[in-house]
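Take a look at the letters that make up each chain.
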Amino acid sequence: MASNPGILSDWPWKHLGSFKYLILAPWAIHSIYSFLFKEESKRDLTNFFIFPFLLWRMIHNQIWISISRYRNAKGNNLLVDKSLQFEQVDREQSWDDQIILSGIISYLINTTVPGGSHFPIWRTDGVILAILLHAGPVEFLYYWLHRALHHHYLYSRYHSHHHSSIVTEPITSVVHPFSEIIIYYMLFSITTMTLILTGTASLASIFGYFTYVDFMNNMGHCNFEFIPKWLFSLFPPLKFLMYTPSFHSLHHTQFQTNYCLFMPLYDYIYGTMDKSSDILYEISLKKKEKVPHVVHLTHLTTLDSIYHLRLGFSSLASSPHTSKWYMWLMWPLTLLSTMLTWIYGRTFVGERNHFNMLTLQTWVIPKYSYFLRSHENSINDLIEQAILEAEKKGVKVLSLGLLNQGEELNGYGGVHVKRNPQLKIKVVDGSSLAAAIVLNSIPKGTTQVLLRGKITKVACAIAVDLCKLGIQVATLQQDEYMKLSKSLEMSSENSLILSKSYSQKIWLVGDGLTEEEQLKVPKGTLFIPYSQFPPKKFRKDCLYHITPAMLIPTSLENVHSCENWLPRRVMSAWRIAGIVHALEGWNEHECGYTVSNMEKVWQASLQHGFQPLMFSNGSKY
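Here the structure is a predicted model, which is why all the values come from computation and not from measurement. (Residues numbered from 1 in each chain as written. Predicted model: local features only at pLDDT ≥ 70, side-chain atom pairs only at ≥ 80, totals over all residues. Heavy atoms only, no water.)

(A) Fine view of the packing of helix H4 (residues 97–112) against helix H7 (residues 178–197). Running from amino to carboxyl end, H4 crosses H7 at an angle of 40°, the nearest separation of the two axes being 11 Å. Accordingly, the angle class assigned to the pair H4 and H7 is oblique. Taken as a pair, H4 and H7 cross one another with a handedness that is right-handed. For the pair H4 and H7, contact is made by Gln98, Leu101, Ser102, Ile105 and Ile109 and by Phe178, Ile181, Ile182, Tyr185, Met193 and Ile196, respectively. Residues belonging to the contact of H4 with H7 are distributed by class as follows: nine nonpolar, two polar and no charged. (Axes fitted to C-alpha atoms, helices over the stretch in contact; angles between N-to-C directions. Helix = DSSP H or I, 4+ residues; strand = E, 2+ residues; numbered from the N terminus. Parallel < 35°, antiparallel > 145°, perpendicular 65-115°, else oblique. Left-handed = near helix turned anticlockwise from the far one by under 90°. Contact = heavy atoms within 4.5 Å. Nonpolar A, V, L, I, M, F, W, Y, C, P; charged D, E, K, R; others polar.)

Below, the structure is given as structure tokens:
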């Protein structure tokens, strides 16, 4: 909100949450019904197209969000290289409110204003008039309105809400108090209402005008420069008629310059153009892609996980990944995105962070957990390509993340190191830190645990350490017992038992834990996962630890999305391990069947500010 919110700052449907979209339902349903069942002579194409156009505006904005975040992650041509925070993401979740408002206004005009319906598809005179009206009165009045909004009285009550975002995203452009948006729509109505009242309106001029407004708004706030110099060389007057992302970025960093809507003409006329506009434009065009020190390599999980990426829907990415009922409504888009990821088939940059002079990036392999086993060769090829690309770029450490699925896929990453013994980059699978986190999550005084699930490198490391400490490790299945016993020294074998009882109160669980097994455990049992995927919860009277992870230091910047199902500002052990490896300058791989000194890795993580997670009562998980 603004520093001192004025009247009509809140949106009327603020408390409706996601149900706010239902406001448009009666109009949209009536529109579709009328178009399908009325006589052809009475059908109104204008009314019918209002709802699809609102959807187009949503999609148009989302495309800009994804492109902007992708370019921010790569770092090339970036304008303001500062950290985005969850606070800004939460504040800007209301970006679609103005689209709902535009829908209400459109339906009201269509049904009440003479000439507001039955538009032709095209009228040349209307298009020309729209251009002249925008370039003249709309741009001129906006310029002076904008200057007025920077007066301390209006700024503190309204416009400061928008300027809370120094690092802008495309949707920052439409994040304003309700009353301020009303004023902007009144300005834009100079164009639209003139066209309607003069009978020159068409679908192309009205819908095209708002698409132009959305495009320019998003472009001005995208935080990367991409307008080529040759465009201004080809037509020099263009610099007065079209701003650039760098031009408007200066307004958000300097506040008292570059007030124009989309046309810098009035800033030139009234002397408010920032003198560094051309310099920033030149510099930003020359900025190269950021070379990371550490790369975290991961992949998609569920079919809808693509929406939870930082490049996806910001509202979903900023919260832990959970299944939501309305995602089923998007199955056609989900199916399309799944096909596109397979067709594209290339690793892409999903996120960029900064920590203690290190640049960190997350690279995403476009493959899903469901299909890992059935496409092992193609996935391993992509992993190896990513390792070699990172090596070529000069990356110091690559952590395997979710791609550390086990020995069946690639021998815990060791296959790639064996194939490329000349690698300077260090490949880290994070197993030692994951095991250390699990060990430090077990309550003090524990004398027996039950280990159940797929026996992995992490599970073996945990069992070995517990047996050395004299803590009894029980298993339920013969094959799990045999695999674990192979990892133990003779002196520790007595601490490993095959149990038929479900009475243990501490369960260390991996993939394969069943509902039946959970239902048999005593009340109050603590489930501590050692795998990267959390168990499905079937007991409300038991405690479930999250997957191995730690709280990140406040100095780790540009974290404004959640890592899969983890809470905010919590990072998986596999991702942290790569960061710590680079900070410590360790000169060996941690992959294959090698396990680093768990205590050394744990203490190093603590020294660099990563903290164990706590229960609500203050004890460690």
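(B) Just the packing of helix H2 (residues 45–74) against helix H8 (residues 203–220), in detail. Contact pair H2 / H8: the axes reach a minimum separation of 11 Å and the direction vectors enclose 15°. Classified by the angle between their axes, H2 and H8 sit roughly parallel to one another. The two elements H2 and H8 cross, and the hand of that crossing is right-handed. Counting all contacts with H2, which are made through Leu45, Thr46, Phe49, Ile50, Phe53, Trp56, Arg57, His60, Asn61 and Trp64, the residues of H8 involved are Leu203, Phe207, Phe210, Thr211, Asp214, Phe215, Asn218 and Met219.

(C) The pattern of salt bridges, seen in detail. This model, assessed by the stated rule, comprises 21 salt bridges. With its nearest N and O atoms 2.7 Å apart, the salt bridge here joins Arg57 to Asp214. Of this pair, Arg57 sits in helix H2 while Asp214 is found in helix H8, placing the two residues 157 residues apart along the sequence. For the pair formed by Arg57 and Asp214, the shared burial category is buried. Note that Glu169 is salt-bridged to Arg69, the shortest N-O span being 2.7 Å. Note that Glu169 is positioned in the loop between helix H6 (152–157) and H7 and Arg69 in helix H2, a separation of 100 residues in sequence. Here Glu169 and Arg69 have matching classes, each one buried. Here the salt bridges share partners, and the residues they tie into one network are Lys20, Asp96 and Asp97. (Salt bridge = Lys/Arg side-chain N within 4 Å of Asp/Glu carboxyl O. Buried < 20%, exposed > 50% of the residue type's maximum accessible area, 1.4 Å probe, protein only.)

(D) Up close: a nonpolar patch on the surface. Together, Trp331, Leu333, Leu335, Leu336, Met339, Leu340 and Ile343 give the surface a local cluster of nonpolar side chains, amounting to about 750 Å² of exposed area. Residue placement: Leu336 occurs in helix H16 (residues 331–344). (Patch = residues over 30% accessible without salt bridge, like charges linked within 9 Å, V, L, I, M, F, W, Y side chains within 5 Å. Areas by Shrake-Rupley, 256 points an atom, 1.4 Å probe, with all protein chains shown as cover.)

(E) The arrangement of H2 in detail. With 30 residues, H2 ought to run about 44 Å at 1.5 Å a step, and its terminal C-alpha atoms sit 43 Å apart, in line with that. Of all the bends in H2, the largest measures some 30° and sits at Phe51, one to four residues before the proline Pro52. A side-chain oxygen of the first residue of H2 lies 3.0 Å from the backbone nitrogen of Thr46; this N-cap is Asp44. The positive-phi residue at the C-terminal boundary of H2 is Gly75, with phi of around 95°. (Expected span 1.5 Å × (residues − 1). Bend = angle between axes of the 7 residues up to and from the residue. Polar contact = N/O pair within 3.5 Å; in protein donor to acceptor, adjacent residues only side chain to side chain.)

(F) Structural view of the sheet that holds strand S7 (residues 472–475). The strand order S8-S7-S6-S9-S10-S11 describes an open sheet built from six strands, whose pairing is parallel. Every interior strand has two partners, whereas the edge strands, strand S8 (496–498) and strand S11 (543–544), have only one. In the packing of helix H22 (residues 478–485) onto the sheet, contacts are made with strand S6 (448–452), S7 and S8, and the angle to S8 comes to roughly 165°. (Pairing = 2+ DSSP bridges.)

(G) Region of the structure containing helix H24 (residues 573–584). Across its 12 residues, H24 extends 16 Å between first and last C-alpha, which sits within 8% of the 16 Å expected from 1.5 Å per residue. Most of H24 is tucked away: 10 of the 12 residues are buried. All buried positions along H24 are accounted for by Ala573, Trp574, Arg575, Ile576, Ala577, Gly578, Ile579, Val580, His581 and Ala582. Of the residues one or two after H24, Gly585 is the one with positive phi, at around 70°.

(H) Inspection of the pairing of strand S10 (residues 526–529) at higher detail. Burial along S10 is two-sided: Leu526 and Ile528 facing one way and Phe527 and Pro529 facing the other are all buried. In this sheet, S10 lies alongside strand S9 (residues 506–509) in parallel orientation, the contact comprising four bridges. In the sheet register, Ile506 faces S10, and the bridge partner there is Leu526. For the segment spanning S9, helix H23 (residues 515–520) and S10, crossover handedness is right-handed. Bridge analysis of S10 against S11 gives two bridges, and the strand direction is parallel. From the neighbouring strand, Leu526 faces S11, where its bridge partner is Leu543. (Right-handed = clockwise from strand over helix to strand, strands pointing away.)

(I) Seen up close, the side chain of His296. Along the polypeptide, His296 turns up in strand S1 (residues 294–300). Other than its neighbours up to four places away in sequence, His296 contacts Gln361, Thr362, Trp363, Ser399, Gly401, Glu563, Trp574 and Arg575.

(J) Focus on the environment of Ser499. Position of Ser499 among the secondary structure elements: in the loop between S8 and S9. Exposure remark for Ser499: the relative accessible area of 9% places this residue in the buried category. Between the alpha carbons of Ser499 and Pro366 there is a distance of 41 Å; along the sequence they are 133 residues apart. Once residues lying within four places of it in the same chain are set aside, the contact partners of Ser499 are Ala474, Thr475, Leu476 and Gln504. A polar side-chain atom of Ser499 sits 3.5 Å from a polar atom in the side chain of Gln504.

(K) The sheet that holds strand S4 (residues 397–399), seen in detail. Strand order in the open sheet made by the five strands is S2-S3-S1-S4-S5, with mixed pairing throughout. Among the strands making up the open sheet, the edge pair consists of strand S2 (348–355) and strand S5 (426–428). On average, each strand axis in the sheet is tilted by 25° relative to the strand beside it, whichever way the strands run. Here S1 runs beside S4; their pairing, made up of three bridges, is parallel. Bridging across to S4, Val294 finds its partner in Val397. Each of S1, S2, strand S3 (358–368), S4 and S5 is contacted by H24, which is oriented at about 165° to S4, the strand it contacts most.

(L) Molecular detail of the side chain of His308. Structurally, His308 can be placed in helix H14 (residues 305–308). Taking the relative accessible area as the measure of exposure, His308 reaches 8% and is therefore buried. A polar side-chain atom of His308 sits 3.5 Å from a polar atom in the side chain of His321. Apart from residues lying up to four places away in sequence, His308 is in contact with Leu316, Ala317, His321 and Thr322.

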